[in-house]
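The lines below spell out each chain.
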Amino acid sequence: MTDKGWEPVIGLEIHAQLATRSKIFSGAPTAYGAPPNTQACAVDLGLPGVLPVLNREAVRMAVRFGLAIEARVSRRSVFARKNYFYPDLPKGYQISQYELPIVAAGHIEIALEDGETKRVGITRAHLEEDAGKSLHEDFHGMSGIDLNRAGTPLLEIVSEPELRSAKEAVAYMRKIHTLVRYLGISDGNMQEGSFRCDANVSVRRRGDLRLGTRAEVKNLNSFRFVERAICHEIERQIALLEAGGTVVLETRLYDPDRDETRPMREKEEANDYRYFPDPDLLPLVLSEDFIEAQRADLPELPDAKRQRFIAQYGLPAYDAAVLCASRELADFYEGAVAASGGQAKPCANWVMVEVLGALNRDGKEIGQCPINPRMLGGLVRRITDGTISGKIAKEVFEAMWQGEGDADAVIEARGLKQISDDSAIAALIDEVLRDNPTQVAQYRQGKEQVLAFFVGQVMKKSRGKANPQRLNALLREKLGAG
Amino acid sequence: MHDLTLAELSAALYRGETTSEELTRHFLARIERLDPGLNSFVTVTAERALDQARAADAARRRGEAGPLSGIPLAHKDIFCTEGVKTSCGSKMLDSFISPYDATVVERLQAAGMVMLGKTNMDEFAMGSSSETSFYGPVRNPWDRERVPGGSSGGSACAVAARLAPAATGTDTGGSIRQPASLCGVTGVKPTYGRVSRYGMVAFASSLDQGGPITCTAEDAALMLNAMSGFDARDSTSAERPDEDYTAGLDAALTGLRIGLPKEFFGAGLDTGVARVIEAAIKELEALGARVIEIELPNTHLSIPVYYVVAPAECSSNLARFDGVRYGYRCAAPADLHDLYCRTRGEGFGAEVKRRIMIGTYALSAGYYDAYYLKAQQIRRLIRDDYRRAFERVDVIIGPTSPSVAFKLGEKTGDPITMYLSDIYTISVNLAGLPGMSIPAGFAEGLPVGLQLIGEHFGEARLLNIAHCYQQVTDWHRRTPPGID
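Note that the structure is predicted; figures quoted are calculated from it, not measured.

(A) Fine view of the pairing of strand E3 (residues 114–119) of chain B. Residues and elements named next belong to chain B. Counting buried residues along E3, 6 of its 6 residues qualify, which places the element largely inside the surrounding structure. Strand direction decides the pairing type here: strand E1 (residues 41–44) and E3, joined by 3 bridges, are antiparallel. Bridging across to E3, Thr 43 finds its partner in Lys 118. Bridge count for strand E2 (residues 72–76) against E3 is 5 bridges, and the pairing is parallel. By the bridge assignment for E3, Ala 74 is matched with Gly 117. Handedness of the β-α-β unit built from E2, helix H4 (residues 103–110) and E3 comes out right-handed.

Written out as structure tokens, the structure is:
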């Protein structure tokens, strides 16, 4: 990345859609992908006379997030109206939280590339409603409005301007992404817009304590876009400053197709939102009991789980980090370990290489994995107890993946049980040695590499089932004796 | 038949002396005959009313009738009514047919009441004379050259002219009490939160409250029984048990402590009105009440505070009328900006636009602290004034309006003078208290209303005092000349 004595200063505003069944201020469903305007009730349409009623579940989720980032959960928070006109904003205002957010002053730790960790402050997180969607295609010069998304609950998570590179910003965003999914408060689906962010970017001379003028980059809905957009913005600002120009405070849009940021049209920018407390909603007051009940109900969080995996399973930090990327994956791993009789490292390898590889190949999520943890643990157990070799295990894994049943069933049906009986292996070795006198002679002349040839031939005859340890031992014995 | 009160009609229906259909036809005929000269209705729903009346009669035959069953009423055109135009007195909503019923409409319908139609009002309830309506001004049945008050002028006029035995209204700064006063009828603004605001088109959300307009306090109690109560769809609705407001109507007033705020009897109060109020106080004293002079020192700030808070909230509440989803849309908009500007420019009347501009200004960056925030602080002072007063008295009494009904057009050119006509009612909304206006006499041949202000959720006490007063006076039974 460009440096030349410049230091980037980045803060992120992440919008996480909360996984409630109904909207934040109405009873309409939040499911994605329904035909336009079929999931918008009178309240979402902003009909005259309708009133908002706060969804308790959204509050509970925000509180859980606050507790997970060790923030201050406000005993009293206030909903405010953010006033601006836009066709997909039915009421002409968005209900949000302004002066008194539900969550304030938290933090998380991110891992840096050099292996160090860095604490990133989270200024606030507040509840708000999403707007609808404007559709500009297929309407013959007009725009269509889909209000299905209007009123969907969002948690806006605002970081301190403490991120110093695009990579740090991505690490931070990933960390929040993992966290909200652990907490079960957001599905984090970025394609559907359930998890997106705006980045505030500025640069200053290294050592300068004052912040430079920032630009806000909007519309970042993938980790890759966040990284690209921030890199671009940093480079743009440095180039501008070095050419003697000044950065203007503005909102810029990231265009992934052209891989650049550009200023939003002025009309899309509202200058004065005229915030004031929403008189339709009373201040949100949370009791100590409610907050403590949420605290007691928190799941094991990613950092704690990672530490435990290292300590309890003796895993390398890398493995622990991969396996703890999601709660589902970590649960899958632990289920496999239990079913394998405690084979922690082999299970880690199988999950990380085979399971994740196959999921990736088939474009599936861990929740759609065709084999369950018990099946994977059973497979590892059969390797450990010598029933099958590691090589055969891959065939068994693939068969399980295709739905042929658990490891024992596949081994049985396909006759893959390993031959560990010395006399049977010895008979195969004798055959191979008899058929290949030339190679035997070569070996005797000191060409040790030929050993691998014999192993391969015996394995072929056993159709892969010969116990490799026994085969090696017996082969050396016979050649030595010969 | 139209001379009877709601309670008397209820008894007549109960005794089988009349039917709901007969009553409904009678009132519909009166509307047809008399309303062209009054303009109190925007919409008359005759067929629907007769259907509801026949259903009420059938229910009665099955033995399923309550005290309000089969009684006709009119709804202020600010309450959403499913399948019926809900205009709010505005061109903006002239084409708006609500797909749902307001909670108040739903409750009164469930109680068996028959909707005759929707009443005229100041546009979006912004006004004190019912002259800002897109459908033309409402006239005062006592003198057609005068205003009925506002914004619930259509409802007050309809009840005064006996075009309906009862009507609903809404009160943001006096919009039930002031027209009730000017038309010589009884009007109740309940405690903020007592009646659901769901389905009531919002003007100023922290001040708006629906209530009944009737001939008598007893009728108001019957209406309030059905209208009030907790509603989960309104987050500002009070979670309290329902009350029977008729239960304590006859309780004796012996020892009642009446507070007279000296600020309500100073300069600006018409002498004729003052005389009527003094006589009414004497009447109450004769019933056993004791008068105590009190102070509400921040009363003079209530109008400036109100004209920051109410416009601020309305500037936001009325943002939804943008021509995008429903209601008026300007012809052939060139682009989005043009759509907004012309839709709102053409769809709203002058007073509504004036208040939107005041409110937008008051909420703007750099002005918020000086206006909106300061107004909220003063609002607390006003509430504290009342709290202190209620430590010494049970009820506060004074005039509802400083004058009797004024002439049409008299104040339309001078908004400040118009705003001042709500001087005695506005602080009640700012404090969220219940208030009511009852007929107390006449000045210059026009009705004068007596205002009663109670403690939070003290509606029952107000109705009790008003009822006792109405047992020894007959102002509430006087009808305007020439309405038979």
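We are not done yet, so read on.
(B) Representation of unusual backbone geometry in the model. All names here are of chain B. Cis geometry marks the peptide bond from Gly 150 to Ser 151, where omega comes out at 10°. For Ser 151, the location among the structural elements is in the loop between E3 and helix H5 (153–160). A positive phi angle is found at Cys 88, which is not glycine, with a value near 60°. One can find Cys 88 in the loop between E2 and H4. Owing to 36 C-beta atoms within 10 Å, Cys 88 belongs among the buried residues under this scheme. Within the chain, Ala 332 stands out as a residue other than glycine whose phi angle is a positive 40°. Topologically, Ala 332 is positioned in the loop between helix H9 (302–317) and helix H10 (336–347).

(C) Structural view of the domain arrangement of chain A. Partitioning chain A into domains gives domain 1 (11–207 + 272–293), domain 2 (300–414) and domain 3 (422–481). The C-alpha centroid of domain 3 of chain A is placed 67 Å from the C-alpha centroid of domain 1 of chain A.

(D) Inspection of the interface of chain B and chain A at higher detail. With 35 residues of chain B at the interface, the matching set in chain A holds 25 residues. Listed by contribution, the elements that provide at least two residues to the side of chain B that touches chain A are H9, H10 and helix H11 (350–363) of chain B. The leading source of residues in the side of chain B that touches chain A is H9 of chain B, at 3 residues. Tallied by class, residues from the side of chain B that touches chain A come to 19 nonpolar, 9 polar and 7 charged.

Basis of the calculations
- Counting restarts for each chain, with residues numbered from 1 along the sequence as it is written.
- Both sets of labels track the order of writing: A upward for chains, 1 upward for ligands.
- Note on the predicted model: pLDDT of at least 70 is required for a residue's local features to be given, and 80 or more for side-chain atom pairs to be given and counted; whole-chain, interface and lining totals, by contrast, use all residues.
- To sort residues by exposure, count the other C-beta atoms lying within 10 Å of each residue's C-beta; 20 or more gives buried, 12 or fewer gives exposed, and values between give partly exposed, all with C-beta atoms placed from the backbone.
- A run of H or I in DSSP counts as a helix once it spans at least four residues, and a run of E counts as a strand once it spans at least two, with each numbered from the N terminus.
- Should DSSP find at least two bridges between two strands, the strands are regarded as paired.
- Handedness is read with the strands pointing away from the viewer; a crossover is right-handed when the path from the first strand over the helix to the second is clockwise.
- Note: domain ranges come from an automatic or database domain assignment.
- Residues are scored as being in contact if the C-beta atoms we place from backbone atoms lie within 7 Å.
- Gly counts as polar in this scheme, as do all residues outside two lists: the nonpolar Ala, Val, Leu, Ile, Met, Phe, Trp, Tyr, Cys and Pro, and the charged Asp, Glu, Lys and Arg.

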